[in-house]
Amino acid sequence: MTEAPLIEVRGLRKFFPIVKGFLQRTTGNVRAVDGVDFTLNEGETLGLVGESGCGKTTASRCILRAIDPTAGQILYRTKGGETVDLAPMPQRELARYRAEIQMVFQDPFGSLNPRMTLLDNVGEPLLVNGMKSRRDRADRVADLLKLVGLRPEFMHRFPHAFSGGQRQRIGIARALATEPRLVVADEPVSALDVSVQAQVLNLLLELQQRLRLTYLFVAHDLSVVRHISDRVAVMYVGQIVELAPTNALFSRPLHPYTAALMRAVPVPDPRVNPADGVLRGEVPSPANPPTGCYFHPRCPFAQPRCAVEAPALREIAPGHHARCHFAGDLALAGA
Amino acid sequence: MPTDPPLLQVKDLRVTFGMDEGTIRAVDGTSFDVHPGEVVGIVGESGCGKSVTMKAILQLVERPGRLASGEILFRDRQGTQTDLAKLDPRGPQMRALRGAEIALIPQEPMAAFSPVHTVGAQIIEAIQLHATQEGRRVSKAEARETVIGLFRDVGISMPEQRVDAYSWQLSGGLRQRAMIAMALSCKPRLLIADEPTTAIDVTTQAQVLALLRDLRAKYNTAIIFITHDLGVIAQMTSYVVVMYLGRVMEQGPVDQIFHAPAHPYTRALLRSIPTIHGETRTPLPVISGSLPHPFNRPTGCPFHPRCPEAMPGCATATPKLLPVAERQSAACFLHHQEAEP
C-alpha cells in the first residue's frame, strides 16, 4: 500500500464515568477503550475480536461517532484526498461524511423498523441524503435488493415476512444505500443460524470485491473473524494486545492471551483432543484494571515485572504488533 | 460402546403446539437412548425441536404445547422403567424425579436464579425438598455445608462467602458454575444441559466444558448436551443426534457423525462452518435457502428443498430413520427406500 490509510485511529479513549450518591459525584471511570491505535487501508477487512466487555463495540461506535470519544484522533481520508479528524468534529460538519461510513448491526430483528416496508427501511438513508423522489428511491432500492440477493418485488413487504438471514441481507442493503466507503459490521452473523451464517459471510466477501469496500468487522467468534479478515486486532480490557495479518496471527500468536483464546475454541473434530491449559480466572473489570499488564493475573508466563510495568504495543515482526514484555521469546502454539 | 441398559429411552416422541393458525409439529417422531455416564449431544438450528425435546423429558412443555404421543422411559435406581410421558406433570412422582434424578442446566443462568434470594438459599431449598421427599431430614446447616462443598467442586473461589451472594453479584462464569452446582446438588443420574455455554465467553466456556468433563468422570452422570455449536459437540459428546425441523435426520457415534456423516444435512452443516484451520477469505460452501417457517413445513423430507442431493421422491414421502452402520441411523432415501406410513 502506497496510499495513505482510509482511517487512522490514534490514542482512542472512551471512559464512562461512574457516578455515585445524591450529588452524582464521579467516583471513577470505566475505561472501556483505553488507548487504541490502528489503521484501516482502503479495500481491506480489519477484524476486531475479543470477549464481552473488551471494548470492541465501543471502539467501533466511536469511529462512527455514535459515541463521542473521550480522547484520541480518528483521521479519515476523504474522497477528495484530504485528511480530516472525525473525533472532535461538530455534528453539522460530520453529516457530510455520515453517508461514507455506514453500519451493519448484530440483531436483524431489532435493527429494522417493523412498521416500514423494505422500500422505506432501505430507502430512508437515501431520503436523509436528499433523494426526494420516491420513484428514484424505489429504483435504487430495487438495485440494492438485487445486489444482496433478494428479489426487488420484496420492497413492498414488511420486515416480519423475512427470516433472520434475509433480514441481515436487508440490513446490509440499507448500509450500502449511500455508497459508503467504510462499513462497520458489529457481530453481523452471530445471531444467525449456522446454515445461514455462511451465506451472509460469502455475501460480505463478494460485495467487498465488487464495491471495493473497507470493513471493520467486530466479532467474538475467532473462526468467523479469521475467515473474513485480512488483519486481526485482539482486544483485552480496552486495549489492543495483538495486531497482525490474519495468517501470521493464527499461525504464530505472540501474545499469551491470543494463544489462550485460540486454544479455548472447541475444534469441530472429535479426533482432536480438548486443549489443555484452560485459562484461569475471569476478565478483569475495566473500571478497576490490574496494575502493570492487564493480563498478568491470568497469564501462565507472568513474571514479577508484569505486575508493575505496563507493556507497550511493539512491532515484533513486520506488521505484527504485540503488547507483551516477552513477545517473541515465548513458545506459543498457533491454531 | 456402552453395555449397561439405557438410563433413558425416548421412543417416537411427538410434541405439537395447537396455535390459532394451525398445529406446529415441534418434535415429530424423535427416538434415542442415553446410557449411564454417556454424553449425548443434540445438535440443530433454531426451530429444530432440540429444546422442546428436553422440555418434554422433564415434562415442562407449556400450553399450547402437548405431548401428542411417544414414550420417555426412565430407569430408576432399582432398575424399573417408568414412562415419564404418562406421569402427571404436576404430580408427586414427576416432582420427585425433577431435580433429584434428572436435573437441568439452563441457557440463561441470569434468568434461572431468583434475584431476591441468595444462590445458596436456592440450592439449600432444593437439597432439603428432595431429602424430605425421600423421607430423610437434612438440616439447613448440613445443606449449607453440602453447597459449600459443591461450590468448591465446581471451582468457585471463596465458597463460604459466595453462598450468601445474590446471582446478580456474580459474573457470568460464576453464575453458570453456581447453576451447575445447583443441578448437581441432588446427585442426579441424568443432567440436561441446554446450551449451557452459549451466553458466556469463549475462555469461560472452555472452563465450564472442562468442569463438566471432570464431573461426568467423577460422578458417572449421563449428560444430554443441547447445542448448535459443532465444536462443542465434537469436544464433549460421544453420541450425536442431528435434528432438523422436529425430526432426527441422523444419529450416531460422534466420530461417525464427523468423519462419515450419512445424511446430506449433516454433511452440509459440517462444510458450512468456518474453522480456525481452514482457508481464509474464500467463499464457504453454503446450504441454499433458509430455514422454513414452522407453518410452511415442506412435504416429504423436511430438508428436501435445500438438499443438494434431493431426488423426485423426497418431496412426497418422508424417509424413516433406519440403521446405516454400527449404532448409526439416517433418515434419507440415499440409504434405503422405506418411508414413514
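Calculation rules
- Residues numbered from 1 in each chain as written.
- Chains lettered and ligands numbered in written order.
- Predicted model: local features only at pLDDT ≥ 70, side-chain atom pairs only at ≥ 80, totals over all residues.
- Heavy atoms only, no water.
- Helix = DSSP H or I, 4+ residues; strand = E, 2+ residues; numbered from the N terminus.
- Rg over C-alpha atoms; globule rule 2.2 N^0.38 Å.
- Buried < 20%, exposed > 50% of the residue type's maximum accessible area, 1.4 Å probe, protein only.
- Domains from an automatic or database assignment.
- Contact = heavy atoms within 4.5 Å.
- Buried area = accessible area lost by both parts, 1.4 Å probe.
- Salt bridge = Lys/Arg side-chain N within 4 Å of Asp/Glu carboxyl O.
- Polar contact = N/O pair within 3.5 Å; in protein donor to acceptor, adjacent residues only side chain to side chain.
- Axes fitted to C-alpha atoms, helices over the stretch in contact; angles between N-to-C directions.
- Parallel < 35°, antiparallel > 145°, perpendicular 65-115°, else oblique.
- Left-handed = near helix turned anticlockwise from the far one by under 90°.
- Nonpolar A, V, L, I, M, F, W, Y, C, P; charged D, E, K, R; others polar.
- Phe/Tyr/Trp six-rings, centres within 6.5 Å; stacked < 30°, edge-to-face > 60°.
- Lys NZ or Arg CZ within 6 Å of the ring centre and 35° of its normal.

**A few points about the overall build of chain B**
Summing up its helical and strand segments, chain B has 11 helices and 12 strands in all. For a compact globule of 341 residues, the expected C-alpha radius of gyration is about 20 Å, and chain B comes in at 21 Å, within 12% of that figure. Referenced to the eigenvectors of the C-alpha coordinate spread, the extents of chain B come out at roughly 65 × 50 × 45 Å. Each of the 341 residues in chain B was classed as buried or not, and the buried ones make up 54%.

**Some points on the domain arrangement of chain B**
Residue and element names in this part refer to chain B. Entries for chain B in the domain assignment read domain 1 (1-101 + 188-273) and domain 2 (111-187). Distance between the C-alpha centres of domain 1 and domain 2: 25 Å. In this assembly, 19 residues from domain 1 lie in contact with 13 residues from domain 2. Across the domain 1 to domain 2 interface the summed buried area is about 1,400 Å²; carbon plus sulfur atoms make up 64%. Ranking the residues of domain 1 by area buried against domain 2 places Pro188, Leu211 and Tyr219 at the top, with a combined share of 31%. Where domain 1 touches domain 2, the interface holds 1 salt bridge. Across the pair Lys218 and Asp153 runs a salt bridge, and its minimum N-O distance is 3.3 Å. Across the domain 1-domain 2 interface, the total number found is 6 residue pairs in polar contact (both at pLDDT 80 or more). Going through the elements one at a time, helix H2 (92-97) and helix H8 (202-219) are the ones with two or more residues in the side of domain 1 that touches domain 2.

**Comments concerning the packing of helix H7 (residues 172-184) of chain B against H8 of chain B**
When two helices pack together, their arrangement is given by the angle between the helix axes and the distance between those axes. All names here are of chain B. Running from N to C, H7 and H8 cross one another at 20 degrees; their axes reach a closest spacing of 10 Å. By the angle between their directions, the pair H7 and H8 is classed as roughly parallel. For the pair H7 and H8, the crossing hand works out as right-handed. Facing H7, whose interface residues are Gly173, Arg177, Ile180 and Leu184, H8 presents Thr204, Gln207, Val208, Leu211, Leu212 and Leu215. Class assignment of the residues belonging to the contact of H7 with H8 gives a composition of 6 nonpolar, 3 polar and 1 charged.

**Considerations on the interface of chain A and chain B**
Taken together, the contacts link 46 residues of chain A with 47 residues of chain B. Here chain A and chain B share an interface that buries about 3,900 Å² over both sides, 55% of which is from carbon and sulfur atoms. For the interface between chain A and chain B, the tally reads 2 salt bridges. Of the charged contacts, one joins Arg281 of chain B and Asp230 of chain A as a salt bridge, the two residues approaching to 3.0 Å between their closest N and O atoms. For the interface between chain A and chain B, the tally reads 25 residue pairs in polar contact (both at pLDDT 80 or more). It is helix H6 (residues 194-211) of chain A that provides the largest number of residues to the side of chain A that touches chain B, a total of 10 residues. The residue inventory of the side of chain A that touches chain B, partitioned by class, reads 22 nonpolar, 15 polar and 9 charged.

**Side note on the packing of aromatic side chains**
Under the counting rule described, the total for this entry stands at 9 aromatic pairs over all chains. For the ring pair Phe154 of chain A and Phe162 of chain A, a centre distance of 5.3 Å and an interplane angle of 65 degrees mean the geometry is edge-to-face. Comparing Phe154 of chain A with Phe162 of chain A, the two get one shared label, buried. Note on Tyr265 of chain B and Phe303 of chain B: the rings are 5.0 Å apart at their centroids and 65 degrees apart in plane angle, and the pair reads as edge-to-face. Remark: Phe303 of chain B occurs in the loop between helix H11 (264-272) and strand S11 (322-325) and Tyr265 of chain B occurs in helix H11; sequence separation between them is 38 residues. Taken as a pair, Tyr265 of chain B and Phe303 of chain B share a single burial class, namely buried. Three or more aromatic residues link up through ring pairs in this structure, and these residues are Tyr236, Tyr257 and Phe295 of chain A. Over the aromatic face of Phe250 of chain A sits the side chain of Arg226 of chain A, whose NZ or CZ is 5.6 Å from the ring centroid.

**With respect to the side chain of His325 of chain A**
Residue and element names in this part refer to chain A. Within the fold, His325 resides in the segment after strand S12 (320-322). There is a polar contact of 2.7 Å between the side chain of His325 and the backbone oxygen of Glu309. The contact partners of His325, leaving out residues within four places of it in the chain, are Arg305, Cys306, Glu309, Ala310, Pro311 and Arg314.

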